[in-house]
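Summary of the model geometry
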Amino acid sequence: MKPHPPFPPHGHGGHHAPHGMFTGEADAPDLFSHRTSVDLTPDTAVFTRSPGGLISLSLTEPSGEVTFFERVVPVRAFPVTAPNEFIAIREPDSRLRGQGDEIGMILRLSDFPPETVALIEEELAHRYFTPEIVKIHSFREKFGYSYWEVSTSAGRVEFIMTNPSSNIRTLDDGRVFMYDIDGNCFTIPDPRRLDRASYKKLEIYL
């Protein structure tokens, strides 16, 4: 079936759309309205643990109205360089709506009460689990991939990496972050503290 042509504008002799019919024009109601992100402060945002163990939010809107979100998700804007600043609070993703809307932004987590800091840090720790590498047992390259076997704070791990020159990153403070093909992140707080054999395997990429 061919789609109906658009209804002509008023005053040009065509038929008008019946009242209430969706025409596809710009003035049609948005099926999924989106929020405007706001700054979240201790005065406007109260975070609590839900009965299901998730994080809930009571938000005092700029209008003064209080909106309750049964579940919210904290996401770091700068997980490496500023892990406790600029934390976005989002609605959870869903299959129907896709990525959840950003409700607001916490500029500094330390501004909030200790119980709120602990609640959000616990959730972030689950989301940004970055085992610390303490020893590199082996490293080899084959067909464009590099294969690593390491001991970490979470136990012995094997992972695969593409293009180590791009996926091994050294920050100004000396910390090293390594990203495998699955997006997992491993950290080395100070590569100089590794044993000599481990450091030799890594040195070329630093």
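Before reading on, note that the structure itself is shown above.
Residues numbered from 1 in each chain as written. Predicted model: local features only at pLDDT ≥ 70, side-chain atom pairs only at ≥ 80, totals over all residues. Heavy atoms only, no water.

Moving on: the overall build of the chain. Within the chain, the secondary structure is distributed over 3 helices and 13 strands. Residues classed as buried in the chain amount to 31% of the 206 residues present. Carbon and sulfur atoms form 53% of the exposed surface of the chain, whose accessible area is close to 13900 Å². (Helix = DSSP H or I, 4+ residues; strand = E, 2+ residues; numbered from the N terminus. Buried < 20%, exposed > 50% of the residue type's maximum accessible area, 1.4 Å probe, protein only. Areas by Shrake-Rupley, 256 points an atom, 1.4 Å probe, with all protein chains shown as cover.)

What follows covers the sheet that holds strand S12 (residues 176-179). Reading across from one edge, S11-S12-S13 is the order of the 3 strands in this open sheet, with antiparallel pairing throughout. Two strands bound the open sheet, and with one partner strand each, they are strand S11 (168-170) and strand S13 (185-188). Between one strand and the next, the sheet's axes are offset by a mean angle of 20 degrees, whatever the strand orientation. Pairing of S11 with S12 involves 3 bridges; the strand directions are antiparallel. What sits directly across from arginine 169, in S12, is phenylalanine 177. (Pairing = 2+ DSSP bridges. Axes fitted to C-alpha atoms, helices over the stretch in contact; angles between N-to-C directions.)

Position of leucine 109 relative to the elements: it lies in the loop between strand S7 (102-108) and helix H1 (114-127). Along the sequence, leucine 109 and proline 83 sit 26 residues apart, while their C-alpha atoms lie 9.3 Å from each other. In this view, leucine 109 contacts Asn84, Ile87, Val117, Ile120 and Glu121; residues no more than four positions away in its chain are not counted. (Contact = heavy atoms within 4.5 Å.)

Attention now goes to the nonpolar core. Membership of the largest hydrophobic core comes to 19 residues, with the highest contact counts inside it found for Leu40, Phe47, Leu57, Val72, Ile89 and Ile106. Elements with a contribution of two residues or more to this core: strand S1 (38-40), strand S2 (45-49), strand S3 (55-60), strand S6 (85-90), S7 and H1. If one sorts the elements of this core by residue count, H1 sits on top with 4 residues. Here leucine 40 is in contact with Ala45, Phe47, Leu59, Ile89, Gly104, Met105, Ile106 and Phe112, once residues within four sequence places are set aside. If you look at the next biggest cluster of nonpolar residues, it comprises 14 residues, including Val176, Met178, Ile188 and Leu194. (Core = buried A, V, L, I, M, F, W, Y, C linked by side-chain atoms within 4.5 Å.)

Quick look at the sheet that holds strand S9 (residues 145-152) now. As summarised here, the arrangement of the 3 strands in space is S8-S9-S10, forming an open sheet in which the pairing is antiparallel. In the strand order of this sheet, the two ends are held by strand S8 (133-142) and strand S10 (155-162), each with one partner. The average angle at which neighbouring strand axes cross in this sheet is 20 degrees, direction not considered. In terms of strand pairing, S9 meets S10 through 8 bridges, oriented antiparallel. For tyrosine 147, the partnering residue across the bridge sits in S10 and is isoleucine 160. On the sheet, helix H3 (residues 196-203) packs against S8 and S9 and is oriented at approximately 45 degrees with respect to S8.

Nonpolar side chains collect at one region of the surface, where Phe78, Phe86 and Leu107 lie side by side and expose about 250 Å² of accessible area between them. Assignment of secondary structure puts phenylalanine 86 in strand S6. (Patch = residues over 30% accessible without salt bridge, like charges linked within 9 Å, V, L, I, M, F, W, Y side chains within 5 Å. Salt bridge = Lys/Arg side-chain N within 4 Å of Asp/Glu carboxyl O.)

Let us look at the pairing of S2. The sheet contact formed by S2 and S3 spans 5 bridges and is antiparallel. Within the sheet, the bridge partner assigned to arginine 49 lies in S3 and is isoleucine 55. Counting the residues that bridge the hairpin from S2 to S3 gives 5 residues, and of these glycine 53 lies at a positive phi of roughly 85 degrees.

A two-sided burial pattern is seen for strand S5 (residues 73-76), the buried positions comprising Val73 and Val75 on one face and Pro74 and Arg76 on the other. As paired elements, S5 and S6 share 4 bridges and run antiparallel to each other. Following the sheet pairing, arginine 76 is matched in S6 by isoleucine 87.

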